[in-house]
Amino acid sequence: MEITSLSHYKGKTFEVEIDNQRKLYLHIDIITDFGIAQGMEIERAELKKVIYASNFRRAYEYALYRLDYRDFSAEEIYEKLLETYKNEALCLEVVKKLARAGIINDERYAEKLARKLVESKKYGYRRAKREMMQKGLAENTVCGALKQYADSFEENLAALLRGKYSRYLTDDTDRKSIEKAKNALVRYGYGYDEINRAVAEYFE
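Residues numbered from 1 in each chain as written. Predicted model: local features only at pLDDT ≥ 70, side-chain atom pairs only at ≥ 80, totals over all residues. Heavy atoms only, no water.

**A word on the overall build of the protein**
If you tally the helices and strands in the protein, you get 10 helices and three strands. N-terminal to C-terminal, the α/β element order of the protein is β-β-β-α-α-α-α-α-α-α-α-α-α. For 204 residues, the compact-globule formula gives about 17 Å, and the C-alpha radius of gyration of the protein, at 27 Å, lies well above that figure. Its C-alpha atoms put the protein at 90 × 25 × 25 Å along the principal axes. Counting across all 204 residues of the protein, residues that qualify as buried make up 36%. Intrachain contacts of the protein at a sequence separation of at least 6 include 52% that bridge at least 24 residues. (Helix = DSSP H or I, 4+ residues; strand = E, 2+ residues; numbered from the N terminus. Rg over C-alpha atoms; globule rule 2.2 N^0.38 Å. Buried < 20%, exposed > 50% of the residue type's maximum accessible area, 1.4 Å probe, protein only. Contact = heavy atoms within 4.5 Å.)

Next comes the structure, spelled out in structure tokens:
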């Protein structure tokens, strides 16, 4: 196969035409790395390497673009890449490169997410754990990040009773209102035993 045409397309991208038929759009770095020039012959195996390198570069840049806006777990960014590039091996290699560079780090992401869910949203352990695992984080990573908040869950539960749900707790004989508060706290991720204990302490 012959590179029959090589011309600037836009920005740092060049249009490469092969055998006057197939066109590729390659970044200048790929052109330079593979020594691509008009009139050169290129084997099919070498062309596959060029295309893989080009797709890898695009996928890596796309991942960096997404990570500019918010953090992702390794699993999340892998799924985002796979939606676009459809190549499991390539997407996995991109994720590995991001991890080696420290751009993604599941432990760091888990710590940041745990802080948000527990300190800001006041979620209980169950809800926080579920939300974190839905982000593709491993269970041991999630548990490790939440371990430091063992005392915070009890404090947050008491704070919710004193604040957001205090309107349901004006009368300790009003079972209907109390149940509304309890059900809301279950949705927050607190267990029945800890809720019952906290409500009893609230009325005391």
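So that's the structure; there's more coming.
**With respect to the pairing of strand β2 (residues 13-18)**
For strand β1 (residues 3-10) and β2, the ladder comprises six bridges, and the chain directions are antiparallel. Residue pairing across strands places S5 opposite E17, the latter belonging to β2. The antiparallel pairing of β1 with β2 creates a hairpin that spans two residues between the two strands, and G11 there sits at a positive phi of about 55 degrees. Direction of pairing for β2 relative to strand β3 (residues 22-27): antiparallel, over a ladder of six bridges. Along β3, the bridge assignment pairs E17 with K23. Between β2 and β3, which pair antiparallel one after the other, the connecting turn spans three residues, and D19 there sits at a positive phi close to 55 degrees. (Pairing = 2+ DSSP bridges.)

**Observations regarding the nonpolar core**
M132, L137, L146, Y165, L185 and Y190 are the most contacted members of the largest nonpolar core, which has 29 residues in total. Elements with a minimum of two residues in this core: α5 (106-120), α6 (125-133), α7 (139-146), α8 (150-162), α9 (175-187) and α10 (192-203). Broken down by element, the residue count for this core peaks at six residues, all from α5. Look past the residues within four positions of M132 in its chain and what remains in contact with it is A110, L113, A114, L117, L137, V142, A145 and L146. Residues F56, A59, A63 and Y78 belong to the second largest nonpolar core, which totals 15 residues. (Core = buried A, V, L, I, M, F, W, Y, C linked by side-chain atoms within 4.5 Å.)

**Focus on the packing of α6 against α7**
Packing of α6 against α7 brings their axes to within 10 Å, and their N-to-C directions diverge by 140 degrees. Put simply, α6 runs oblique to α7. Judged by the sense of rotation from one axis to the other, the crossing of α6 with α7 is right-handed. Every residue of α7 that contacts α6 at Y125, A128, K129, M132 and M133 is listed here: E139, V142, C143, A145 and L146. Among the residues forming the contact of α6 with α7, the class breakdown is eight nonpolar, no polar and two charged. (Axes fitted to C-alpha atoms, helices over the stretch in contact; angles between N-to-C directions. Parallel < 35°, antiparallel > 145°, perpendicular 65-115°, else oblique. Left-handed = near helix turned anticlockwise from the far one by under 90°. Nonpolar A, V, L, I, M, F, W, Y, C, P; charged D, E, K, R; others polar.)

**A short note on the environment of M1**
Position of M1 among the secondary structure elements: in the segment before β1. The class for M1 is partly exposed, based on a relative accessible area of 28%. Not counting the four nearest positions on each side in its chain, M1 is found in contact with I18, D19, M40, E41, I42, E43, R44 and L47.

Distances and angles like these do not, on their own, reveal function.
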